[in-house]
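Here is what each chain is made of, one letter per residue.
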Amino acid sequence: MTLLVTGGAGFIGSNFVLDWLAASDEPVVNLDALTYAGNLANLASLQGDARHVFVKGDICDRALLDGLMATHRPRALVHFAAESHVDRSIHGPGEFMRTNVTGTFTLLEATRAHWMSLDASAKAAFRFHHVSTDEVYGSLAPEAPAFTETHAYEPNSPYSASKAASDHLVRAWHHTYGLPVLTTNCSNNYGPYHFPEKLIPLMIVNALAGKPLPIYGDGMQVRDWLYVRDHCSAIRAVLAGGRPGEVYNVGGWNEKPNRDIVHTLCALLDELRPSPQGPYTRLITHVTDRPGHDRRYAIDARKIERELGWRPAETFESGIRKTVQWYLDNAAWVADVQSGAYRDWVQKQYGG
Ligand code: NAD
Ligand code: TYD
């Protein structure tokens, strides 16, 4: 029994691999191209652990995928690998189409060939779990009901459009070929190992460095936030008990405007690492809004609770406190990821 994970050196994937191997002895083959977002330091605690096999490679490489399937004969795939940052997709959508669309297509085809080679009982037990986002559903009006699994697809950014395309491919491979797929569409994650280009880690590391806290537009855009380990437990629940061909929305029942998130982070840092210069809110600046910025996302996570008994374990208050503490305790990890290409990105996106 082996699990093949793609993108397991990124933020959510590495948390998933660490959680998986903390709870199970089933080996994980971790395929990751180690783009700017992939970081083997996230998996340092697994060094020398024979249950974790890391393979540096691209999900668009069909020969590599075929070789991995033949060697490891996985009983399931969990597909995290993606370009995942909306702002980067606005600057350069090409890589999003390549990895998120062509990469998912290539992985589906390699998986289908492997699945076809299995005997009847292994074929029935096999799963392809596609990890996706609530952003495929588009933007909600302030009082509109939260996204259910049957909400129309209305992606607005190159990132969400590429993820929507990948969701459609996964659906079609089930419908046409019978591949036993599962899809989860999750809200915004936060927690350890989050690359500091996304809102929460960016605000923490900027505040600690005495740099501006750049809120896009009026800061009243609403996101649902979920602690990353809760996303991992949701994936485990769906992988174990989800019905093939079904979609499960995953969320934290925790909608908040960006401004509130930034104020909460400032208050926690004032408590845990007070600055001699005064409250961290002094660093908040409002900058030009993101083009096409979605106003609100909200997840209705009743289906996964009803069918699989999953609910998040963390409240926002407990999860965000753990997260801030993790960044305070892991200054070396932050310094490492901020070296090199990270600086070019900050210059391109925020200037100066
Ligand atoms: P991430 O950007 O932190 O990590 C992505 C990983 O994929 C990196 O390790 C990168 O090296 C790898 N990768 C990229 N291109 C690859 C390729 N061509 N071949 C092999 N590996 C490649 O992303 P994340 O935040 O951990 O997100 C993981 C998945 O979860 C994505 O599919 C994303 O769409 C989805 N998701 C993310 C969130 C969120 O809040 N971060 C929410 C819902 C869904
Ligand atoms: P982000 O973490 O990029 O996730 P997503 O765009 O996938 O939801 O951004 C979360 C929210 O925070 C989003 O509304 C954009 C906003 N934001 C800022 O206001 N300032 C920033 O510097 C960043 C990175 C994001």
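Residues numbered from 1 in each chain as written. Chains lettered and ligands numbered in written order. Predicted model: local features only at pLDDT ≥ 70, side-chain atom pairs only at ≥ 80, totals over all residues. Heavy atoms only, no water.

### Quick notes on the sheet that holds strand 11 (residues 255–257)
An order of 7-9-11 is seen for the 3 strands of this open sheet, with the pairing classed as mixed. Either end of the sheet is taken by a strand with one partner, and the two such strands are strand 7 (188–190) and strand 11. On average, each strand axis in the sheet is tilted by 50° relative to the strand beside it, whichever way the strands run. (Pairing = 2+ DSSP bridges. Helix = DSSP H or I, 4+ residues; strand = E, 2+ residues; numbered from the N terminus. Axes fitted to C-alpha atoms, helices over the stretch in contact; angles between N-to-C directions.)

### Some words on the site of ligand 1
The immediate surroundings of ligand 1 are formed by 29 residues, with Ile12, Asp32, Ser84, Tyr159 and Lys163 found nearest. At a separation of 3.0 Å, an oxygen atom of ligand 1 approaches a polar backbone atom of phenylalanine 11. Between ligand 1 and aspartate 58, the relevant distance is 3.0 Å, taken from a nitrogen atom to a side-chain nitrogen or oxygen of the residue. In isolation ligand 1 offers 840 Å² of accessible surface; the protein chains occlude 96% of this area. Broken down by secondary-structure element, the contributors of at least two residues to the shell around ligand 1 are helix 1 (11–23), helix 4 (94–116), strand 5 (127–133), helix 6 (158–177) and strand 7. A per-element tally of the shell around ligand 1 places strand 5 first, with 3 residues. For the shell around ligand 1, the residue count by class is 13 nonpolar, 12 polar and 4 charged. (Near = heavy atom within 4 Å. Polar contact = N/O pair within 3.5 Å; in protein donor to acceptor, adjacent residues only side chain to side chain. Areas by Shrake-Rupley, 256 points an atom, 1.4 Å probe, with all protein chains shown as cover. Nonpolar A, V, L, I, M, F, W, Y, C, P; charged D, E, K, R; others polar.)

### Description of the pattern of salt bridges
Under the criterion given, the structure shown has 20 salt bridges. A salt bridge links aspartate 25 to arginine 51; the nearest nitrogen and oxygen atoms lie 2.9 Å apart. One end of the pair, aspartate 25, is in the loop between helix 1 and strand 2 (28–32); the other, arginine 51, is in the loop between strand 2 and strand 3 (52–56), and 26 residues separate them in sequence. The residue arginine 62 makes a salt bridge to aspartate 66 at a minimum N-O spacing of 3.0 Å. Taken as a pair, arginine 62 and aspartate 66 lie in helix 2 (residues 62–72) at a separation of 4 residues, close to a single helical turn. Relative accessible area serves as the criterion here: at 32%, arginine 62 is assigned to the partly exposed category. (Salt bridge = Lys/Arg side-chain N within 4 Å of Asp/Glu carboxyl O. Buried < 20%, exposed > 50% of the residue type's maximum accessible area, 1.4 Å probe, protein only.)

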